[in-house]
Amino acid sequence: MPPTTYLFTTDLRLDDNPAFARACADAVTLVPTVVLDPSWFRSSPLGFPLIGPHRAAFMLQAIAALRSALRARGSDLSIIIQTSGEPPRYADPALSMMLHPDDLPFAVPAPPMIFTAMRQRVERAAVQPRAPISAPERMPPLPDDVVLQPTPTLADLGVEALPPDSRSSFPYMQQEWEGGEDHALAYARSYVRSGRAH
C-alpha cells in the first residue's frame, strides 16, 4: 500500500485536528508534510509580499514546534520548498471547520451564499461545535525511503529578519509569544482566565 501524505496548511497543530487523526487511523505509513512556496515571501505586483518577515518568522516557529510534537510521537515532518505543485491532501478540508459538516442544516457543497443567512440557519438549528479531540499519541511510521530536510531559516526563504522592536504589539521573538500549538493553547487559557471580553 502506498504511503499516505497529509498536508498541513494553516492547521499547524495535532490537537483537535480531525483530518489528521483520521489519517493516523487509516494510514499504514504516513508522511506529515508542509509545503512552503518561496513566491509567498517575494514582493507581489502590488509591491509587498503575501507573507512579510514577521509572519514568516512566526510561521517557521510554528513549523518547528509541529516537527518537535511529531518527533515526540515517533514521526517527523517533511518540509518541501517548491514554487509549483502541491502534495495530495489526505482528507476533505471540511474536517478543519469549526462546525462538523455532518451537523450543519445544509449540504456543505451548497451553503447559503450570504453569511447572515448561513448564520441564522445554524443558530436556528442550535448547532454547536463538537468536543475537541486529543492529539494522536502514536502515529503510523514514516516510509523507509522518505527524505527529510532540516527546518528552513528565514534566509532559506529569501526573507531578511527584522531586529526586535520593544514597541511591537506582536513580540514573537519572546518565548511566551512564540509560534506553535503549545504557546497558542497557553495564551488561550490565560486569556479565558483573565476575564477579558471574548
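Here, the structure is the one placed above.
This write-up is about the structure you can find in this document. Keep in mind it's a predicted model, so treat the numbers as computed, not measured.

1. Observations concerning helix H1 (residues 18–26)
Those residues of H1 not exposed but buried are Ala19, Phe20, Ala23 and Cys24. End-on, the buried residues of H1 take up no more than an arc of 140 degrees, which puts them together on one face. Here the buried face of H1 lies against strand E1 (4–8), strand E2 (30–36) and helix H2 (53–72).

2. Structural notes on the packing of aromatic side chains
Taken as a whole and judged by the stated rule, the model has five aromatic pairs. Taken together, a centroid distance of 5.2 Å and an interplanar angle of 40 degrees make the contact between Phe8 and Phe20 tilted. One end of the pair, Phe8, is in strand E1; the other, Phe20, is in helix H1, and 12 residues separate them in sequence. The two residues Phe8 and Phe20 agree in class, both being buried. With centroids separated by 6.3 Å and ring planes inclined at 55 degrees, the aromatic side chains of Trp40 and Phe41 adopt a geometry described as tilted.

3. So, the side chain of Arg73
Among the structural elements, Arg73 can be located in the loop between H2 and strand E3 (78–81). Buried within the structure, Arg73 lacks any salt-bridge partner; its nearest side chain of opposite charge belongs to Glu137, at an N-O separation of 4.6 Å. For Arg73, the residues in contact, after removing those within four places along its chain, are Leu14, Ala135, Pro136, Glu137, Arg138 and Met139.

4. Regarding the pairing of E2
Summarising burial for E2: seven of the seven residues are buried, a large majority. Bridging between E1 and E2 involves five bridges; their strand directions are parallel. Following the sheet pairing, Phe8 is matched in E2 by Val34. At this point the chain moves from E1, through H1, to the parallel E2, and the crossover so formed is right-handed. Across four bridges, the pairing between E2 and E3 is parallel. Its bridge partner lying in E3, Val34 is registered against Ile79. Considered for its hand, the β-α-β crossover made up of E2, H2 and E3 is right-handed.

5. A few points about the sheet that holds E2
Reading across the sheet, the three strands line up as E1-E2-E3 and stay open at both edges, with parallel pairing between neighbours. For this open sheet the edge positions go to E1 and E3, each flanked by a neighbour on one side alone. Pairwise comparison of adjacent strand axes, ignoring direction, gives a mean angle of 35 degrees for this sheet. The strands that H2 touches are E1, E2 and E3; relative to E2, the one it contacts most, it runs at about 170 degrees.

6. Some details on the nonpolar core
Ranked by size, the top nonpolar core spans 31 residues in total, and within it Phe8, Leu14, Phe20 and Ile63 carry the most contacts. For this core, the secondary-structure elements that each account for two or more residues are E1, H1, E2 and H2. If you tally residues by element for this core, the top one is H2, at nine residues. Sequence-distant contacts of Phe8, defined by excluding residues within four places in its chain, comprise Arg13, Leu14, Asn17, Phe20, Pro32, Thr33, Val34, Leu66 and Leu77. Core analysis: the second largest hydrophobic core is formed by five residues, Leu99, Leu104, Phe106 and Val127 among them.

About the criteria used
Each chain carries its own residue numbering, running from 1 in the written order of its sequence. Residues qualify for local features only when their pLDDT is at least 70, as the model is predicted, and side-chain atom pairs are given and counted only at 80 or more; totals for whole chains, interfaces and linings, by contrast, use all residues. To obtain the side-chain values, all non-hydrogen atoms of the structure were included, while hydrogens and water were left out. Throughout this description, buried means an accessible area under 20% of the type-specific maximum (1.4 Å probe, protein chains only), exposed means over 50%, and partly exposed covers the range between. Think of it this way: any DSSP run of H or I at least four residues long counts as a helix, any run of E at least two long counts as a strand, and we number them from the N terminus. Each direction from the helix axis to a C-beta atom contributes to the arc, which is the arc of those directions. The criterion used for residue contact is that any of the two residues' heavy atoms lie within 4.5 Å. Between 30 and 60 degrees the pair is tilted, below 30 it is stacked and above 60 it is edge-to-face, where a pair is any two Phe, Tyr or Trp rings, Trp via its six-membered ring, whose centres lie within 6.5 Å. Positive charges come from Lys and Arg alone, negative charges from Asp and Glu alone, with His and the N- and C-terminal ends not counted. In the sections that follow, a salt bridge refers to a side-chain nitrogen of Lys or Arg positioned within 4 Å of a carboxyl oxygen of Asp or Glu. Strand pairing is defined by DSSP finding a minimum of two bridges between the two strands. If you view a crossover with the strands going away from you and the path from the first strand over the helix to the second runs clockwise, you call it right-handed. Orientation is described by lines fitted to C-alpha atoms, with helices fitted over the stretch in contact, and by angles between N-to-C directions that extend from 0 to 180 degrees. Take the buried Ala, Val, Leu, Ile, Met, Phe, Trp, Tyr and Cys residues and link them wherever side-chain atoms come within 4.5 Å; each set so joined is a nonpolar core.

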